[in-house]
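# Secondary and tertiary structure notes
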2 protein chains.
Amino acid sequence: MQPRIIKIRKKILEKNDHLAQQLRGRFERHRVFVANFVSSPGSGKTELLARTLAALNVDYRPAAVVGDLATENDAKRLASSGAPTKQILTGTMCHLEADMVQNAIGEWDLDALDFLLIENVGNLVCPSNWDLGEDLRVLLLSTTEGEDKPLKYPTLVNTADVVIISKLDLAGVVEFDLALAKRNVLKIRPGIDVLSLSAKTGEGVAAWLDYLTQRFKQKYTTQPN
Amino acid sequence: MQPRIIKIRKKILEKNDHLAQQLRGRFERHRVFVANFVSSPGSGKTELLARTLAALNVDYRPAAVVGDLATENDAKRLASSGAPTKQILTGTMCHLEADMVQNAIGEWDLDALDFLLIENVGNLVCPSNWDLGEDLRVLLLSTTEGEDKPLKYPTLVNTADVVIISKLDLAGVVEFDLALAKRNVLKIRPGIDVLSLSAKTGEGVAAWLDYLTQRFKQKYTTQPN
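Attention here is on the structure that accompanies the text.

### A short note on the sheet that holds strand β6 (residues 162–166) of chain A
Residue and element names in this part refer to chain A.
- The sheet built from seven strands is open, its strands ordered β3-β2-β4-β1-β5-β6-β7 with parallel pairing. The strands lining the two open edges of the sheet, one partner per strand, are β3 (85–89) and β7 (193–196). Each strand axis lies, on average, 20° off the axis of its neighbour in the sheet, ignoring direction.
- Here strand β2 (residues 62–68) runs beside β3; their pairing, made up of five bridges, is parallel. In the strand pairing of β3, Gly67 is matched with Ile88.
- Against the sheet, helix α8 (residues 205–220) contacts β1 (33–38), β4 (115–119), β5 (136–142), β6 and β7, and its axis sits at roughly 140° relative to β1.

### Brief notes about the environment of Thr143(A)
Residues and elements named next belong to chain A.
- For Thr143, the position within the fold is in the loop between β5 and α5 (149–152).
- Excluding residues that lie within four positions of it along the chain, Thr143 makes contacts with Ile165, Ser166, Lys167, Leu168, Leu170, Ala171, Val174 and Phe176.
- Within the structure, Thr143 has its side chain in polar contact with the backbone oxygen of Lys167 (distance 2.7 Å).

### Topic: the interface of chain A and chain B
- With 41 residues of chain A at the interface, the matching set in chain B holds 41 residues.
- Both faces combined, the contact of chain A with chain B buries some 3,400 Å², and carbon together with sulfur accounts for 61% of it.
- Contact with chain B buries surface across chain A, with Ile8(A), Pro41(A) and Lys152(A) losing the most and accounting together for 18% of the total.
- Here Lys152(A) makes a salt bridge to Asp68(B), at a shortest N to O gap of 3.9 Å.
- At the surface where chain A touches chain B, the tally comes to nine residue pairs in polar contact (both at pLDDT 80 or more).
- Those elements that place two or more of their residues in the side of chain A that touches chain B are α1 (3–29), α3 (73–79), α5 and α6 (154–159) of chain A.
- Across the side of chain A that touches chain B, the residue classes break down as 17 nonpolar, 12 polar and 12 charged.

### Some words on the state of the cysteines
All names here are of chain A.
- Counted under the stated rule, the structure contains two disulfides over all chains.
- Cys94 shares a disulfide with Cys126; S-S distance 2.3 Å. Judged by the torsion about the S-S bond (-90°), the Cys94/Cys126 disulfide is left-handed. Of this pair, Cys94 sits in the loop between β3 and α4 (98–104) while Cys126 sits in the loop between β4 and β5; the two residues are 32 residues apart in sequence, bridging distant segments of the chain.
- The buried category is assigned to Cys94, whose relative accessible area is 12%.
- On the basis of relative accessible area, Cys126 is assigned to the buried category, the value being 10%.

### Some details on the packing of aromatic side chains
Residues and elements named next belong to chain B.
- One pass over the full model with this rule turns up 14 aromatic pairs over all chains.
- Ring centres 5.3 Å apart and planes at 85° place the aromatic pair Tyr60 and Phe115 in the edge-to-face group. Linking Tyr60 in the loop between α2 (45–59) and β2 (62–68) with Phe115 in strand β4 (residues 115–119), this pair joins segments that are 55 residues apart in sequence.
- With 5.3 Å between their ring centres and 80° between their planes, Tyr60 and Phe216 make a pair best called edge-to-face. Taken together, the residues span a long stretch of sequence, with Tyr60 in the loop between α2 and β2 and Phe216 in helix α8 (residues 205–220) at a distance of 156 residues.
- Residue Tyr60 is classed as buried on the basis of its relative accessible area of 15%.

### Let's talk about the pairing of β2(A)
All names here are of chain A.
- Counting buried residues along β2, seven of its seven residues qualify, which places the element largely inside the surrounding structure.
- The side-chain alternation of β2 yields two buried faces, one formed by Pro62, Ala64, Val66 and Asp68 and the other by Ala63, Val65 and Gly67.
- Relative to β4, β2 is paired through five bridges, and the arrangement is parallel. By the bridge assignment, Ala63 is partnered in β4 with Leu116.

### Brief notes about the pattern of salt bridges
- Taken as a whole, this structure holds 25 salt bridges over all chains when the rule is applied.
- Of the charged contacts in the structure, one is a salt bridge between Lys219(A) and Glu28(A), with a shortest N-O distance of 2.7 Å. Taken together, the residues span a long stretch of sequence, with Lys219(A) in helix α8 and Glu28(A) in helix α1 at a distance of 191 residues.
- Owing to a relative accessible area of 33%, Glu28(A) belongs among the partly exposed residues under this scheme.
- Note that Arg61(A) is salt-bridged to Asp114(A), the shortest N-O span being 3.0 Å. Remark: Asp114(A) occurs in the loop between α4 and β4 and Arg61(A) occurs in the loop between α2 (45–59) and β2; sequence separation between them is 53 residues.
- By relative accessible area, Asp114(A) is classed as buried at 11%.
- Members of the salt-bridge network, linked through shared partners, are Asp68(A), Asp74(A), Asp148(B), Lys149(B) and Lys152(B).

Cut-off values and rules
- Residues numbered from 1 in each chain as written.
- Chains lettered and ligands numbered in written order.
- Predicted model: local features only at pLDDT ≥ 70, side-chain atom pairs only at ≥ 80, totals over all residues.
- Heavy atoms only, no water.
- Pairing = 2+ DSSP bridges.
- Helix = DSSP H or I, 4+ residues; strand = E, 2+ residues; numbered from the N terminus.
- Axes fitted to C-alpha atoms, helices over the stretch in contact; angles between N-to-C directions.
- Contact = heavy atoms within 4.5 Å.
- Polar contact = N/O pair within 3.5 Å; in protein donor to acceptor, adjacent residues only side chain to side chain.
- Buried area = accessible area lost by both parts, 1.4 Å probe.
- Salt bridge = Lys/Arg side-chain N within 4 Å of Asp/Glu carboxyl O.
- Nonpolar A, V, L, I, M, F, W, Y, C, P; charged D, E, K, R; others polar.
- Disulfide = S-S within 2.5 Å.
- Buried < 20%, exposed > 50% of the residue type's maximum accessible area, 1.4 Å probe, protein only.
- Phe/Tyr/Trp six-rings, centres within 6.5 Å; stacked < 30°, edge-to-face > 60°.

Pasting the structure below:
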């Protein structure tokens, strides 16, 4: 890349980092736990978010923000959970940025929320450098994508906090080697948490919900408001 | 996006367009038909390229160039076809550019080739603006990604010459609606050719090979060297 574009990009990223830090502070003051879901297109983010919102809705107050280049389909699909949902349309951009999230949550009363789930644009590269002020970056890798993706797309794996291997119900039919996939994730990020589930059948979803709510409790129940 | 970065990006794209046009002229002088394969990660590009190379090898002289952020896995996999194969490592970049292709084919005798198949980085957004001097931009959409992807990622669909719906063998298990997917492609790009196949079972592959070789013949057999 050309030095000039690197310099300008660096400035834009610094501006995003600064805003993301402000957002993070704001979320903490209002005791909102924020998860940013990243993955390839079609790896099951929306399905998992729909399940997660519905389950969280019982004991918590979740909301969702969804990024896509075009269409409001995902927001409509998630809104059926009853949780507040907002669609961000990015046009030709392959990732979300902190100011888009800030604008999307603009009118919401954060004191009325416990969780904000952000579905990023489906992209296994672009979201890497863009902090959205999240507590947890959740990387989905679908069994249908193959076991080698962590090795071929290490950049996003390197910025993730937890990896979820999704579409476990298809593992058999696509001859997916779960142990190999986990080893490949751990080669890039030794020690990272790796979960596996099927949002369709529900297998592994309870463990994921437990993981997510534990993270919330660790952050907010030990620390009085 | 900021005006300064748009201006610089425009310059870089113009430079790429210029080089891509030079490459296109060079390919034409040597009568090499070039196809650029774009798709999400894990939609089956490498599997289809492996099949295509092996089949073309009988009557033609194909070669392949493969882009990935990291690993030489794909080039190794394709080299088993016996066709010349070169891996491009892009580091953190989410697409191939014309100069990368130029460098990759640097030492090859183009007179000894009929086809050059370029496997782009797995990304449903980034490769859109980057002309590689190809004759045919082939967009793969996997059945496992869902029918809505053409609507959600219109940018890349808009630059494609042909769409291949891949992993047709999984259509049943993921309850993929092929007719709906085709309608969604045609909503974005009325009249575009849409093929469907399974590189695993071979279903639809003969029609794809026929399509590809017809395109080669249309371009090169009517026009004497």
